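# Observations on chain architecture
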Amino acid sequence: MTLERIGKYEIRRLLGEGATSSVHLAWDPFNRREVAIKRIDPAFFKPPHRGRLFRQLLINEASLAGKLKHPHIIQIYDAVVDAKNAYVAMEYVPGGTLEPLAHPGKLAPFDRVIEIIFKCTRALDYAFHNGITHRDIKPANILLSTADGSDIRISDFGAAFQVTGEVTQIANLGSPAYMSPQQVREMQIDHRSDIYSLGVVMYQLLTGRLPFESDNTYSLAYRITSETPPAITQYRPELPESLNVIVRRAMEKDIDRRYQSWAEFSHDLTLAFRNCVIKSDQSTLPETEKFRFLRTLPFFSHFTDAELWETIAFSQWDQFQPSTLILKEGEAGNYFCFLVEGEAQVKRNRALLGVLTPGDCFGEIALFSAGKGVRSASVEAASEVRLITIRGDALERASETCRMHFYQAFLTVLSTRLSLASSRIANLAV
């Protein structure tokens, strides 16, 4: 029988079906948005032991509704777990899972793999700082939020361990091929187990193979705890050695030799990306590099990861040749810029006032002044430069906390400039 409604949600079509649950595209008439409904088959609640397990998995996932707000973690909107129904309503992500990209012949370019894994590290770091270890990281639980695979969402936190202890924890969960040696041995685990699992995902996305495979669970467990997997370069010699080093460290059997933090893992991914010879348009800066650059700037020191990703989404990144006029004195403009690479000169009446270097912000005075946005000076590229441009109307559409951090950072920039100007005036007066 075709379902027409689950709870308040109007069912549109079946998206997928597994051994225990089905996922449906549905319409939320109250919030007027599409949602994905994951529904556990009621038949699986009848056996007492198994029923308690599936019910607790759903309760675990439901308990995270509204708690994890990150651009790379799927949003849980609603959940119902009662005698008749058991389902979770979540953000609808149309691009499918990473599974199709984990097979030989369908592998993504390795720069794209680095970007996917990088975004996963940032999302899982956010979860870790909220007291959550996922425990079931695998390609099937990483969704592509767009059909072209330009963004990702981590899903399925049913097996997650929450240090708050607000919900009943379930032991010995996870997908065997992606389990860390500590999970296999049923030891106490932390975020470093997720680091291992993400290392396995990276291995598979780069080679199309799992590091360990076996016909039975016992043999697989032995291999995970005792054997060393083949290097990724054994399957794909063209891969940079730096990626081999990253995968090997993420998958260290000795937990103390593994990456100790998500920040370490992220850092090595950004270094690998910069050092790799990537066959792509070099004028297009990947999002991994954009994130890394923003995180290094003092201006963005108080921004959360989510706010940095938001900034990347509404900003424009461009390259300009030497002598390009970026801002013109006396002209109106409702945008401001950050210098990413190169040098630029600030001039008034053709006289040189100063030199801008990477990290400098400029153009914001006209945006916030009462003088209808007229530029008080010109800015000209002194070399080939890369710029971030943010328009005033885009900033107005940003989230409230993101705007607040921009305004706070502008106050710091202005106070620093006033202090420097006062010092210069004082020195001239001496």
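Residues numbered from 1 in each chain as written. Predicted model: local features only at pLDDT ≥ 70, side-chain atom pairs only at ≥ 80, totals over all residues. Heavy atoms only, no water.

### Some points on the overall build of the protein chain
A count of helical and extended segments in the protein chain gives 13 helices and 18 strands. A burial count over the protein chain gives 47% of its 430 residues as buried. Within the protein chain, counting contacts between residues at least 6 apart in sequence, those at least 24 apart form 66% of the total. Within the structure as shown, the protein chain displays about 21,300 Å² of accessible surface, and the carbon and sulfur contribution to it stands at 52%. (Helix = DSSP H or I, 4+ residues; strand = E, 2+ residues; numbered from the N terminus. Buried < 20%, exposed > 50% of the residue type's maximum accessible area, 1.4 Å probe, protein only. Contact = heavy atoms within 4.5 Å. Areas by Shrake-Rupley, 256 points an atom, 1.4 Å probe, with all protein chains shown as cover.)

### Some remarks on the pattern of salt bridges
Within the structure shown, the criterion is met by 24 salt bridges. Lys119 is the partner of Asp151 in a salt bridge, and the nearest nitrogen-oxygen pair spans 3.4 Å. Note that Asp151 is positioned in the loop between strand E8 (142-144) and strand E9 (152-154) and Lys119 in helix H2 (residues 110-129), a separation of 32 residues in sequence. Arg249 is the partner of Glu264 in a salt bridge, and the nearest nitrogen-oxygen pair spans 3.2 Å. You can see Glu264 sitting in helix H8 (residues 262-275) and its partner Arg249 sitting in helix H7 (residues 241-250), a full 15 residues away along the chain. Looking at Glu264, the relative accessible area reads 30%, which means it is partly exposed. Three or more residues are tied together by salt bridges with common partners; here these are Glu91, Glu115, Lys119, Asp151, Arg153 and Glu287. (Salt bridge = Lys/Arg side-chain N within 4 Å of Asp/Glu carboxyl O.)

### Focus on the confidence of the model for the protein chain
Averaged over all residues, the pLDDT of the protein chain is 83; the fraction at 70 or higher stands at 82%. Considering only residues more than four positions removed or in separate chains, one finds that residues 165-171, a stretch of pLDDT under 50, has 16 contacts. Taken together, the stretch residues 277-281 has pLDDT below 50 and engages in 4 contacts with residues farther than four places along the chain or on a different chain. (pLDDT = per-residue confidence, 0-100.)

### A look at the sheet that holds strand E6 (residues 86-91)
Judged by pairing direction, the sheet is antiparallel, and its 6 strands sit side by side in the order E1-E2-E3-E4-E6-E5 without closing on themselves. A strand with exactly one partner marks an edge of an open sheet, and here the two such strands are strand E1 (5-6) and strand E5 (76-81). Where strand E3 (residues 21-28) and strand E4 (residues 33-40) come together, 8 bridges link them in antiparallel fashion. When the bridges of E4 are listed, Trp27 appears paired with Glu34. (Pairing = 2+ DSSP bridges.)

### Remarks on the sheet that holds strand E12 (residues 325-327)
What the 4 strands build is an open sheet, ordered E12-E17-E14-E15; its pairing is antiparallel. Of all the strands in the sheet, just E12 and strand E15 (351-356) have a single pairing partner and so form its edges. Across the sheet, the mean angle separating the axes of adjacent strands is 30 degrees when strand polarity is ignored. (Axes fitted to C-alpha atoms, helices over the stretch in contact; angles between N-to-C directions.)

### A short note on the pairing of E3
In terms of residue burial, E3 counts as a mostly covered element, since 7 of its 8 residues are buried. One ladder, built from 6 bridges, connects strand E2 (residues 9-17) with E3; its direction is antiparallel. Within E3, the residue paired with Gly16 across the bridge is Val23. In sequence, E3 turns back onto E4 through a hairpin of 4 residues, with Arg32 there showing a positive phi of about 55 degrees.

### Quick notes on the packing of helix H4 (residues 191-207) against H7
Direction vectors running N to C along H4 and H7 enclose 145 degrees, while the axes themselves pass 8 Å from each other. In this structure, H4 crosses over H7, and the sense of that crossing is left-handed. Two secondary-structure elements touch here, H4 through Ile195, Tyr196, Gly199, Met202, Tyr203 and Leu206 and H7 through Leu243, Ile246, Val247 and Ala250. Residue composition of the contact of H4 with H7, by class: 9 nonpolar, 1 polar and no charged. (Left-handed = near helix turned anticlockwise from the far one by under 90°. Nonpolar A, V, L, I, M, F, W, Y, C, P; charged D, E, K, R; others polar.)

### Topic: the side chain of Thr225
Locating Thr225 in the fold gives a position in helix H5 (residues 217-226). Thr225 gets classed as buried once you look at its relative accessible area, which sits at 16%. Here the side chain of Thr225 touches Tyr222 through a polar contact of 3.1 Å, landing on its backbone oxygen. A distance of 3.5 Å separates the side chain of Thr225 from the side chain of Ser226, its partner in a polar contact. If sequence neighbours within four positions are ignored, Thr225 has contacts with Pro181, Val184, Arg185 and Lys253. (Polar contact = N/O pair within 3.5 Å; in protein donor to acceptor, adjacent residues only side chain to side chain.)

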